[in-house]
Amino acid sequence: VELAAEIQRHLLPQESDEGSPIAGLVQPILEVSGDFYDHFDLPDGTIAFTIGDVSGKGLNASLLMSQAASLFRCLGKTVRDPARLMSILNREICATVSRGMFVTMIAGIYDPSTGRLRFANAGHLPPLVRRSGQQTTEMPADAPPLGIVPGAKFVTEDVNLDGGQFVLCTDGVTEFRFGDEELGTRGLD
């Protein structure tokens, strides 16, 4: 379990650039987790990003998380269409996943010079688009999680942030409890 936790820590991006438009945090409740995120710069100045959550807990979820995160890191450097990337990831995960396990995931590309963001959502919590002086908008998933339907179709969504924020989280945030009450998405607005 300690080795799995160490591998997971090394799969997460090193947050060293204070000027980066992307920030993230993973705080597992147990030693290992099924939650992950990643982002990296591409040669053209855009940024590839992902967030995901593997069903289940413990070592099995940790191993599937490691597989999904590694596949994204490898394929996200060359596959620029988020829907196509999700299709490839889905095919690979369907071929190797244990029965009943799946991955919810959002993956995309952000261009900080234009504010254009393209992403695909495979059954993950809806991202929130927050713009100053406007109501927060939810963008629901349009496809099932990875690892469930081998031929699932994914759609690339296109958003111009126009100075706004694209907020992503896993259910570890929305299911966080304050006494008897879950946080939900209202704490993210």
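Residues numbered from 1 in each chain as written. Predicted model: local features only at pLDDT ≥ 70, side-chain atom pairs only at ≥ 80, totals over all residues. Heavy atoms only, no water.

## Here we look at the pairing of strand β1 (residues 35-41)
In plain terms, the rule: The buried label applies to any residue whose accessible area, calculated with a 1.4 Å probe on protein chains only, is under 20% of its type's maximum; exposed applies above 50%, and partly exposed to all values in between. Secondary structure counts use DSSP, requiring at least four H or I residues in a row for a helix and at least two E residues in a row for a strand, with both numbered from the N terminus. Strand pairing follows a simple DSSP-based rule, namely that at least 2 bridges must link the two strands.
Most of β1 is tucked away: six of the seven residues are buried. Joining the antiparallel neighbours β1 and strand β2 (residues 47-54) is a turn of five residues, in which Gly 45 adopts a positive phi near 95 degrees.

## Description of the nonpolar core
Cut-off, in case you're wondering: To form a nonpolar core, buried Ala, Val, Leu, Ile, Met, Phe, Trp, Tyr and Cys residues must be joined to one another through side-chain atoms within 4.5 Å. Only heavy atoms matter for contacts: two residues are in contact if any of them lie within 4.5 Å across the pair.
Formed by 32 residues in total, the largest nonpolar core has its most connected members in Met 86, Val 103 and Leu 146. Every element with two or more residues in this core is listed here: β1, β2, α2 (58-75), α3 (82-96), β3 (103-111) and β4 (116-122). In terms of residue count, the dominant contributor to this core is α2 (eight residues). Sequence-distant contacts of Met 86, defined by excluding residues within four places in its chain, comprise Met 105, Ile 106, Ala 107, Ala 120, Ala 122, Leu 146 and Phe 154. Counting residues in hydrophobic clusters, the runner-up holds 13 residues, among them Ile 47, Phe 49, Phe 119 and Leu 161.

## Side note on the side chain of Asp 38
Quick note on the threshold: In protein, a polar contact requires one atom able to donate a hydrogen and another able to accept it; more generally it is a pair of N or O atoms within 3.5 Å, and residues adjacent in sequence count only if both atoms are side-chain atoms.
Mapping Asp 38 onto the fold places it in strand β1. Owing to a relative accessible area of 3%, Asp 38 belongs among the buried residues under this scheme. Here Arg 73 takes part through its side chain, which lies 2.7 Å from a polar atom of the side chain of Asp 38.

## So, the packing of aromatic side chains
Spelled out, the test is: Planes of paired rings set the category: under 30 degrees apart is stacked, over 60 is edge-to-face and the rest tilted, where pairs are Phe, Tyr or Trp rings (Trp by its six-membered ring) whose centres lie within 6.5 Å. To sit over a ring, a charge needs its Lys NZ or Arg CZ within 6 Å of the ring centre and within 35 degrees of the ring normal.
Using the criterion set out here, one finds three aromatic pairs in the structure. Where Phe 40 meets Phe 72, the ring centres are 5.6 Å apart and the plane angle is 50 degrees; that geometry is what we call tilted. Here Phe 40 is found in strand β1, whereas its partner Phe 72 is found in helix α2, with 32 residues between them in sequence. Exposure remark for Phe 72: the relative accessible area of 1% places this residue in the buried category. Members of the aromatic cluster, each reached through a chain of ring pairs, are Phe 49, Phe 119 and Phe 166. Directly above the ring of Phe 40 sits Lys 77, whose terminal nitrogen or CZ lies 5.8 Å from the centroid.

## Examining the sheet that holds strand β6 (residues 137-138)
Taken in spatial order, the three strands line up as β6-β5-β8 in an open sheet, and their pairing is antiparallel. Both edges of this open sheet fall to β6 and β8 (165-167), since each of them pairs with a single strand only. Pairing between strand β5 (residues 128-130) and β6: two bridges, direction antiparallel. Residue pairing for β6: Val 129 is matched across the bridge by Thr 137.

## Structural notes on α2
Counted only if it meets this: Every helix has an expected span of 1.5 Å times one less than the residues it contains.
When the terminal C-alpha atoms of α2 are compared, their 26 Å separation across 18 residues agrees well with the 26 Å that a helix rising 1.5 Å per residue should span. Residues Ala 61, Ser 62, Leu 64, Met 65, Ser 66, Ala 68, Ala 69, Leu 71, Phe 72 and Leu 75 constitute the buried set of α2.

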